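The chain contents come next:
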Amino acid sequence: QVQLVESGGGLVQPGGSLRLSCAASESDFRLYHMGWFRQVPGKQREMVATVSNNGDTSYADFVEGRFSVSMDNAKVTVDLQMNSLSPEDTAVYYCYLAVLFRRSTTWTNFWGQGTQVTVSS
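Bear in mind the structure is a predicted one, so any value in this text is a computation, not a measurement.

Some words on the overall build of the protein
Phase 1 of the analysis: When helices and strands are counted, the protein shows 0 helices and 11 strands.
Phase 2 of the analysis: Element order for the protein, N to C, with α for helix and β for strand: β-β-β-β-β-β-β-β-β-β-β.
Phase 3 of the analysis: The C-alpha atoms of the protein give 14 Å as radius of gyration, which agrees with the globular expectation for 121 residues (14 Å, within 12%).
Phase 4 of the analysis: When its C-alpha atoms are laid out on the principal axes, the protein stretches across 50 × 25 × 20 Å.
Phase 5 of the analysis: Taking all 121 residues of the protein together, 41% fall into the buried category.
Phase 6 of the analysis: For the protein, long-range pairs separated by at least 24 residues make up 56% of all intrachain contacts whose partners lie at least 6 apart in sequence.
Phase 7 of the analysis: The centroid of the 9 positive side-chain charges in the protein is displaced by 5 Å from the centroid of its 11 negative side-chain charges.

A closer look at the sheet that holds strand β1 (residues 4-7)
Phase 1 of the analysis: If you walk across this open sheet you meet the 4 strands as β1-β3-β8-β7, and the pairing is antiparallel. Each edge of the sheet is formed by a strand with only one pairing partner; in this case those strands are β1 and β7 (67-72). Across this sheet, the average inter-strand angle for adjacent strands is 15°, counted without regard to direction.
Phase 2 of the analysis: Bridging between β7 and strand β8 (residues 77-82) involves 6 bridges; their strand directions are antiparallel. Considered in β8, the bridge of M71 is made with V78.

Brief notes about the pattern of salt bridges
Phase 1 of the analysis: A full pass over the atoms with the stated rule returns 5 salt bridges.
Phase 2 of the analysis: The salt bridge involving R102 is made with D28; its shortest N-O contact spans 2.5 Å. Placement of R102 in the loop between β9 (91-100) and β10 (108-111) and of D28 in the loop between β3 (18-24) and β4 (31-39) is noted, with a sequence separation of 74 residues between them.
Phase 3 of the analysis: D89 is paired through a salt bridge with R66; the nearest N and O atoms lie 2.7 Å apart. Here R66 lies in the loop between β6 (57-59) and β7 and D89 lies in the loop between β8 and β9, a separation of 23 residues in the sequence.
Phase 4 of the analysis: Beyond isolated ion pairs, a larger network of salt bridges with shared partners links R38, E46, R66 and D89.

Quick look at the nonpolar core
Phase 1 of the analysis: Core analysis: the largest hydrophobic core is formed by 32 residues, its most contacted members being M34, W36, L80, M82, Y93 and L97.
Phase 2 of the analysis: Elements with a minimum of two residues in this core: β3, β4, β5 (46-52), β7, β8, β9 and β11 (115-119).
Phase 3 of the analysis: In terms of residue count, β9 provides more of this core than any other element does, 5 residues in total.
Phase 4 of the analysis: Dropping the residues within four chain positions of it, Y93 is found in contact with E6, L20, W36, F37, R38, V48, L80, M82, G114, T115 and V117.

Rules and cut-offs
Here, residues in each chain are numbered from 1, in the same order as that chain's written sequence. Restriction of local features to residues with pLDDT of at least 70 applies here, the model being predicted, together with a cutoff of 80 or more for giving and counting side-chain atom pairs; totals for whole chains, interfaces and linings are based on all residues. Only hydrogens and water are set aside when side-chain values are computed; all heavy atoms of the structure are taken into account. Note on conventions: DSSP H or I runs of at least 4 residues are helices, E runs of at least 2 residues are strands, and numbering of each starts at the N terminus. Only C-alpha atoms enter the radius of gyration; for comparison, a globular chain is expected to reach 2.2 Å times N to the power 0.38, where N is the number of residues. Burial classification: accessible surface area is computed with a 1.4 Å probe over protein chains only, and a residue below 20% of its type maximum counts as buried, one above 50% as exposed, and the rest as partly exposed. In this analysis, two residues are considered to be in contact whenever any of their non-hydrogen atoms come within 4.5 Å of each other. Positive residues here are Lys and Arg, negative ones are Asp and Glu, while His and the chain termini are left out of the count. In plain terms, the charge of a residue is placed at NZ if it is Lys, CZ if Arg, CG if Asp and CD if Glu. Strand pairing is defined by DSSP finding a minimum of two bridges between the two strands. The angle between two axes is taken between their N-to-C directions and runs from 0 to 180 degrees, where each axis is a line fitted to C-alpha atoms and a helix contributes only its stretch in contact. One speaks of a salt bridge when a side-chain nitrogen belonging to Lys or Arg is within 4 Å of a carboxyl oxygen belonging to Asp or Glu. Nonpolar cores are built from buried Ala, Val, Leu, Ile, Met, Phe, Trp, Tyr and Cys residues. Side-chain atoms within 4.5 Å join them into one set.

Structure, rendered in structure tokens:
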């Protein structure tokens, strides 16, 4: 069972920045991609940004160039730099890892525990 450890959430004023980090407990994968999702009470979890181990990135439309996702392949970590935050970005942010293990033909998903991001003055 791969563990994901998140850090970096907290309270920030509108217009401010936060950086979220996530590290996987294992690194020996054939293929994988990582990313961040978020969820507010009463709504479905939604994708924020993802990055594959070949460097391809994908962002939700609401990011609008404000966020940047990056991965360290050697350490299997993913960071999310969030700038120009607004109250609408308040949510629990979850780290996500999809893995194709070396002796498997199917992908397995893992989730972090979630870290609260609150944007408020």
